Every structure is written in C-alpha cells, then in structure tokens.
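# Secondary and tertiary structure notes
Here are the chains, one letter per residue:
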Amino acid sequence: MQKEAIYHRPKNNFAYAYDERTLHLRLKTKKDDTLSVTLIYGDPYDWKDNVWQYHKQKMLLTGSDDLFDYWTTSVEPPYRRMRYGFYLEDESESLVYTEKGFFTEQPLDTNDYFSFPFLNEIDVFKAPDWVKDTVWYQIFPERFANGDSSIDPKGVLPWGEYPPARDNFFGGDFQGVIDHLDHLTELGINGIYFTPIFKAKSNHKYDTIDYLEIDPQFGDKETFKQLIKACHERGIKVMLDAVFNHSGYYFEPFQDLLKNGEDSKYKDWFHVRSFPIETKPLPSYDTFAFEASMPKLNTENPEVKEYLLQVGKYWVEEFDIDGWRLDVANEIDHQFWRDFRRTVKQIKPELYILGEIWHDSMPWLQGDQFDAVMNYPMTSALLDHFAHETISVETMADRLTSLLHSYPDNVNEVAFNLLGSHDTPRMLTLANDRKDLVKLMYMLQFSFPGTPCIYYGDEIGMKGGADPGCRECMIWDKTEQDTELFDFLEELISLRKSHSAFGNSGSFHFVSAKDGVIQYKKETTTETLLFLINSSEVIQSVEDLSLSNETTSLFGNKIKPNTALTLEPFGYEIISL
Ligand code: ARE
C-alpha cells in the first residue's frame, strides 16, 4: 500500500458532524491501491477489564478521482465522542492507520488513535432548511425589466436596442421585476438573488454611495417592500448583495477622507498607504483590484464593523429579506464574518449567507461564517468539458468527485451551483450556441448536490460575452425567446420537486465516465435514479446496465429502449431503478 498517499485529519471535510448525532468519517488513499477500509472506533472512556471497547465498521468507496480513492462512513456515537483509526487491506498486507502513523497490529492505547473529542450541537454546520429545496434565479436589476419610466436614470437608452456597455443605462427597476414575477413562477423558481440595489453611481451598483438607501433608478423603499411581499406571497425568497469589502468613491466617509486627508475622522475607515490621497497612476489606498472607485473598507476598525453590521441588520429587520450574498467575501477578515453571522442570524435564524468565493472555501464553511459559497469550481468543470471541450468526461467526473469530497455533505447540499453570472460570459455563447450541450449542462447542474441558480435570460437562450456583454436587456418579446430551453428547464425543476432522489436528498456518485458518457446515481431510501449523459457526437451504447422490467424512464431522448441502452449523440436519460 502506498502509505504516503493515505490521508486523514479530523474536522473539516474528513471528520465532521453531519447533524447533532451523526459523524461522517472520510479517508483518502491512492487510487486502486486499497481493497477495503474498515473504521475502528469506540468511546474513549469505554473500557472493560483494562481493554478498550471498540467496534468495526466497513467504509464505503464513495468516489475516485484521477489519483485518489475516497472512503466514507457515518457513525452515531452514543456519547457523541470518539477515538478512531482505519484498518486497511490490499492483496498482500493489512495495516492500521491512526494519528500516530501506521501499525501492523491494532494499537491498544486509545491515545494513539484519532480523536473526535465531542459533538457539540452549536458547532454543527447548519444552513437553513429551505435552501435545499430552492431553485435560484439571478437578476441584474438594471437589465431585467423597465416597469416605471418615470424613474429612469439620465440618458436612458431604449430597452435592448444597444449592446450593454460599461456605462450605459436601460432603466431596469423593481416595478419591472414585480410585473414579470409570473415568468419566474411559471419556470418554477423559488429564490431570487439580486445583484446590488443600493445607491451607487455605476449601472452594476458595486460602488456603493449609501448602504441604507435604494438606488432611485430602481424605485423607493415602498416599492421594494411591495416586491418582497409579492415574492413572499409566491413562495419566492429574496437575497441581496452585500458589498462590504469596499465602498464606492462617492461614499460619504471616503469623500470626507478625500477632502480632509490625514485630518479626516474617517482616516481609519480605509487602508491608506500614503498621504496625500492619489487615484493615479495607482491608488494610494487599498482597493478592490486596482479600482480607484472602490476603496477597500477597514473591517477591522470597530466603527466600520459596527456600521456594516447595522447595514446587515437593517435590510433583514425592516424588509424581511431572506439571504445575503457577500461580495468579494474572501478578502474580508474571518472575524468580521463571524460577527456578521451572529448579528443577522439573531434577527432571522433562517437567513441564508452566501459568500462569493471562486476557490476552495473550507475555512469559511465551518458553521461559524457562511452557509454556502458560489460553486464556481463546479461551473468550470462543466464548462471545460461541455463548452470549452478542453477536458474529457473522465476528467470532469474526477474534478467533480474531488470537489464533492473536499466539503462535508451538509455543505454540499446547499452549495450555490451556477453555470454563469454577471461576471462570466453566458453559457450558450461559451458553448458556441450548441443548445444540445447547454441542456446536458443543465441536466447535470440540476441533479448535482446543491441548489441550482439560473442567470436571468439563460432560460430563454440569451447570449453574451464577458462583462459587460453578459448584461444585456432581458428579452421579453415571446417570439424572440427560446421556449424549448425554457420548457426543458421547467421540466427539470418539476422533476427536482417531484422526485426526492432527483432533488437534494439523494446521495450522488459517479458510476462511470468513459467514451463521452457519464453515468451517475442518486439514491434515497425510497428511490434510486440513474442518470446517463452522452456528450459525444456519436451514438453510444451503454451495455453494463442492470435494468429490470420495472425500470422506467423518467425523462430522456434515447433511441432504443432495451437492456443495453442506446443514447443518441448528446442524448440523455434518467432512469428510475
Ligand atoms: C469592470 C469592468 C470589467 C473590467 C474590470 C477591470 O466592467 O470589464 O474587466 O472593471 O477592473 C464590479 C462590476 C464589474 C467591474 C468591477 C470593477 O460588476 O463590472 O468590472 O466591479 O469595477 C474576482 C473577485 C470577485 C469579483 C470578480 C469580478 O475575486 O470577488 O473578480 N466579483 C465581484 C462581483 C463583481 C464586482 C466585484 C466583485 C467588485 O461579482 O460583479 O465587479 O465589487 C478567477 C479568480 C477570481 C476572480 C474571477 C473573475 O477565477 O479566481 O478571484 O474573481 O476569476 O475575474
């Protein structure tokens, strides 16, 4: 056995509390190197006649990527504490792996084992229950619908008649969203994520001027209340964007700093590198990227922190919003986010906190900061295979398997799974207008653990390149909408709702990935679904199916129903086993 490849470390994604009674344990070994893994575990204080009372439990191989196998099991230790180790076997040897290393014989002293000291309920990662069953829809308010031309910003352009530019305006507003809620209800979505709505100068509003005011081009607080009410009446949750990493240039404290320099009472609200303040050639203060118009806020300053926490509270308390999406979340200190969570959850325990992080995010997902992050690693695995065609199905499955094993299951269940956003080119454009590929991506996105999000307009086949190209005006003329894509998504959403295994209660694992076909299974105690996706341009036979007479097809476009299933080029099939 390749000992160097064997890895476990308590907490994080390797030993964590799934709920207040259950622990999940995982072990990583070299791929195809170990035949079986058994967990050896017991209560650290359970001794009889000087012998530790341990138990054994086989671990399941829950996935493999290109280099590693991942083994998983779950245990409910009666006293919520555990010492444990792993017994590994291959054809020629067996060994025991514990915190003290490798043994040929099982160690007798519990101090040699790994320790999960105690499962304290308060430390369990817990996202709001409703999130699991949510299908999100992202709205960039300036471009969704113009419902009230009396509040149009200066120089507004006729809807959709010009391409989106960095600095043009089309007058999208809250009334426009209210007017089009039927479109969302018909599709089946039950959560909206709005990019920023607070007073700001730009069309994207990430350069906040006032965190406590709504941008007048969108409406007033009264209209916003109506919008929330209308959403809630339809069972739609509302999430807003919190841009706390930086303010806008015209934020009053920053203006005061510009005016009064070192004498400004807001001097410590920002990270000034040197006085006098310069914006060019590079800003003399920390910013988002090198954007002079986005000075970084000093969230370690208690005044700033208090101010932003009040902002976080205000929109929950006064407007009953259901979630906060946190912009540039990974550049703000962890202490801030811990206090943020405590503050907003005190008012509304069921509030969802979603961090914008594009990379590995375990440090923020320990239960004390965020409920989820935007799952861009999933996005890129799917796009790289289906759209960019730079990786095979095998590699895509490898990347998704290692992603799933890099987080606890309860974290995966509420991951925010997107295929595009206001920061990325649209998926149809990336897929070179290949609708059949877009459908396959949706199929995988909607059945992947987590909660899917649709970027406005993608459901009707809108196209667009990189920011600002992906922010064009929503197309409302029915004759220009791609209703085939809309219907396809509507079907996926309704399957998610009607089949527990399709939705978020099912376990997920790849059965195989080869010749352009991926097979994966989703299982609950009552239902097993097999998904087959052929991303190749040739007909593929899937021979190794154990289909019985009772097997029924739930959704698909295969050509020959048989025990060996034949999938069309870009065909898919969901089978209830
Ligand atoms: C503007 C122009 C762009 C231009 C950019 C250059 O519109 O065309 O490329 O300036 O500086 C907001 C606006 C943007 C605007 C930007 C700056 O929406 O239109 O861009 O402000 O004025 C990283 C961050 C991540 C961030 C992305 C954009 O980690 O937090 O970059 N996303 C949020 C929002 C944005 C918003 C801001 C932050 C600023 O969602 O909409 O931009 O408030 C990799 C990296 C990631 C990186 C990602 C994208 O994968 O790993 O870290 O994200 O690429 O670049």
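Residues numbered from 1 in each chain as written. Predicted model: local features only at pLDDT ≥ 70, side-chain atom pairs only at ≥ 80, totals over all residues. Heavy atoms only, no water.

Turning next to the side chain of serine 202. Here serine 202 shows up in the loop between β15 (198-200) and β16 (208-214). Residue classification places serine 202 among the buried positions, given a relative accessible area of 13%. At 2.9 Å, the side chain of serine 202 forms a polar contact with the backbone nitrogen of lysine 205. A polar contact of 2.7 Å, which involves the side chain of serine 202, links it to the side chain of aspartate 207. Those residues in contact with serine 202 that sit more than four places away from it in its chain are Phe169 and Asp207. (Helix = DSSP H or I, 4+ residues; strand = E, 2+ residues; numbered from the N terminus. Buried < 20%, exposed > 50% of the residue type's maximum accessible area, 1.4 Å probe, protein only. Polar contact = N/O pair within 3.5 Å; in protein donor to acceptor, adjacent residues only side chain to side chain. Contact = heavy atoms within 4.5 Å.)

Around the ligand there are 17 residues in total, and Glu291, Glu356, His359, Asp423 and Asp467 lie nearest to it. Within the complex, 69% of the 930 Å² of free accessible area of the ligand lies under protein. Here the residues of the shell around the ligand are counted per class, giving five nonpolar, four polar and eight charged. (Near = heavy atom within 4 Å. Areas by Shrake-Rupley, 256 points an atom, 1.4 Å probe, with all protein chains shown as cover. Nonpolar A, V, L, I, M, F, W, Y, C, P; charged D, E, K, R; others polar.)

Right, let's get into the domain arrangement of the chain. According to the domain assignment, the chain consists of domain 1 (3-123) and domain 2 (246-298). Relative placement of domain 1 and domain 2: their C-alpha centres are 51 Å apart. (Domains from an automatic or database assignment.)

The next point concerns the side chain of arginine 496. Within the secondary structure layout, arginine 496 lies in helix α12 (residues 483-498). Nearest to the buried, unbridged arginine 496 among oppositely charged side chains is aspartate 133, at 6.2 Å. Every residue in contact with arginine 496, bar those within four places of it in the chain, is listed here: Lys132, Thr134, Val135, Phe446, Phe448, Gly450, Thr451, Pro452, Phe502, Gly503 and Asn504. (Lys, Arg positive; Asp, Glu negative; His and termini not counted. Salt bridge = Lys/Arg side-chain N within 4 Å of Asp/Glu carboxyl O.)

Moving on, we get to the sheet that holds strand β19 (residues 352-355). The strand order across the open sheet built from eight strands is β20-β19-β18-β17-β14-β13-β22-β21, with neighbouring strands paired in parallel fashion. One side of each edge strand has no neighbouring strand; the edge strands of this open sheet are β20 (372-373) and β21 (416-418). Across two bridges, the pairing between β19 and β20 is parallel. Each bridged residue has a counterpart across the sheet, and for leucine 354 the counterpart in β20 is alanine 372. (Pairing = 2+ DSSP bridges.)

A separate point is the UniProt feature "domain: Glycosyl hydrolase family 13 catalytic" (unreviewed entry) in the chain. UniProt's feature table lists "domain: Glycosyl hydrolase family 13 catalytic" (unreviewed entry) at residues 138-496, given in the numbering used throughout. Between the first and last C-alpha atoms of residues 138-496 the distance is 19 Å; the span itself is 35% helix and 11% strand. (UniProt positions renumbered as here; feature names shortened; annotations may be inferred.)

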